[in-house]
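Close look at the chain arrangement
The residues making up each chain are set out below.
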Amino acid sequence: MDVLRMMRPLLAITAASVGLAVFAGLTDRKVNDVKPPAVLLADYAESFDQATQLEMTFAAGISGTRGIRIELQDGQWVLPERGNYRANQELVTETLLALADLKALEARTQKPEWHRALGLVVPEDLGRAMRFKVRAQDDTVLTSLLLGNEQESEAEAKQDVKTYGPELRQFYARQEGDDQAWLARGRLPRNPNVAAWLDRDLARHELADLKSVSFNKGGQKFKLLRVTPTDWSMGGGDKWVSDFKALQPDEVTQAEAIDFATAQPMVLRYTNGLVIRYENVGAATVIWSRISASVARVSGQSKTARGEVRSLAADINARYKGWALRFSADRAPILLPSQAMLEGR
């Protein structure tokens, strides 16, 4: 009898718990019982090839928001806030494709009051969500997606996916205007810096065809000359060529905003007659470069070959004319070297 008397409260509590669970099941839908679609943005996936504008909005706390806009003009993606300078075409295309390929893994809450915990409150309301908005030519919004917090998990930490863009990750997301939140999987960049979306390619022809590089530093002229396909006239030649191959600008502005009166030229000459001229001017912390191209006569060169080289030079001038590219000051051994540096001393 004593045992039964002790069990009665426990049985009562168990019965009450079961009753509450049944009642909750009948009166309130679970927050994650929605079957996820195979593709999160199915409608967008069918029409993303109509995209002509990509807008990204980032939260900036009490400072409000910051945004990046990329537009398709004359068949190229450009950055209007950088004077329509060419954007990184591959990165923009990769981003548009990645949006179309997002997978919805599991449903999460539909309750707006829980969105903040997932980082899914719009940035205009002091939220942490990042917005991807894609528009068509007629300004129709093809999609407006809010990205929230990344899911922290051991499996994700061990993940190592090699691709052009960012790694494959899991994060919370929802379509703007829809309270349903999802755990999604995909690879989407979240870099709020405009410079990260610039086309960072430089005017370079085939390095195998590079025959000389001339410098003029403070009135002292010297030249890096290719002696054989693998040897240069100065001991530091191989390193300079390797470093130049990896060189990338980190910002761009209108050339008229920079004083190039004291610029020091760096001239690359190629076996096909292409000549690329960099005018480099150094400040305390940065180096600015202005780029142009021309064609030198090559003995015995056919008219067809010369026409191809002229076309190359014209393309370079069309792309870089009027622009100044910025590099960090530690790029001086490439853009503003001394003769001693090139000699390996």
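Residues numbered from 1 in each chain as written. Predicted model: local features only at pLDDT ≥ 70, side-chain atom pairs only at ≥ 80, totals over all residues. Heavy atoms only, no water.

Right, let's talk about the sheet that holds strand β2 (residues 65-73) for a bit. Read from one edge to the other, the open sheet built from nine strands follows the order β4-β3-β2-β1-β6-β7-β8-β9-β5, with strand pairing classed as antiparallel. The outermost strands of the open sheet, each flanked by one partner alone, are β4 (85-86) and β5 (103-107). Summarising the sheet, strand β8 (residues 169-175) and strand β9 (residues 182-186) pair through five bridges and their orientation is antiparallel. Pairing of Arg169 across the sheet is with Gly186, part of β9. (Pairing = 2+ DSSP bridges. Helix = DSSP H or I, 4+ residues; strand = E, 2+ residues; numbered from the N terminus.)

The next thing to look at is the sheet that holds strand β10 (residues 210-217). Spatial ordering of the open sheet is given by β12-β11-β10-β14-β15-β16-β17-β13, a layout of eight strands whose pairing is antiparallel. The open sheet is flanked by β12 (231-232) and β13 (251-254), the only strands paired with a single partner. Across the sheet, helix α5 (residues 237-245) touches β10, β11 (220-228), β12, β14 (264-270) and β15 (274-282), and the angle it forms with β14 is around 95°. Packing against the sheet, helix α6 (residues 303-320) makes contact with β15, β16 (286-295) and β17 (323-328), and its axis sits at approximately 150° to β16. (Contact = heavy atoms within 4.5 Å. Axes fitted to C-alpha atoms, helices over the stretch in contact; angles between N-to-C directions.)

Take the environment of Leu40 next. Structurally, Leu40 can be placed in the loop between α1 (2-27) and α2 (42-45). Residue classification places Leu40 among the buried residues on the basis of a relative accessible area of 5%. The sequence separation of Leu40 and Arg185 amounts to 145 residues, and the corresponding C-alpha distance is 9.3 Å. Leu40 has contacts with Leu102, Lys103, Ala104, Leu145, Ala173, Gln175, Trp182 and Ala184, leaving out every residue within four places of it along the chain. (Buried < 20%, exposed > 50% of the residue type's maximum accessible area, 1.4 Å probe, protein only.)

Within this structure, the stated rule accounts for six aromatic pairs. For the pair Trp240 and Phe244, a centre-to-centre distance of 5.0 Å together with 10° between the ring planes defines the contact as stacked. Within this pair, Trp240 and its partner Phe244 are both found in helix α5, separated by four residues, close to a single helical turn. The two residues Trp240 and Phe244 agree in class, both being buried. Counting every residue linked through ring pairs, the aromatic cluster contains Phe215, Phe222, Trp240, Phe244 and Tyr278. Between Lys111 and the ring centre of Trp114, over which it is positioned, the NZ or CZ distance is 5.5 Å. If you follow Arg204 out to its NZ or CZ, it ends over the ring of Phe244, 5.4 Å from the centre. (Phe/Tyr/Trp six-rings, centres within 6.5 Å; stacked < 30°, edge-to-face > 60°. Lys NZ or Arg CZ within 6 Å of the ring centre and 35° of its normal.)

Compared with the 16 Å implied by 1.5 Å per residue over twelve residues, the 17 Å span of helix α3 (residues 89-100) between its first and last C-alpha is a close match. For α3, the set of buried residues is Gln89, Leu91, Val92, Thr95, Leu96, Ala98, Leu99 and Ala100. A distance of 3.3 Å separates the backbone nitrogen of Glu90 from a side-chain oxygen at the start of α3, and that oxygen is part of Asn88. (Expected span 1.5 Å × (residues − 1). Polar contact = N/O pair within 3.5 Å; in protein donor to acceptor, adjacent residues only side chain to side chain.)

As far as function goes, none of this settles anything; it's purely spatial.
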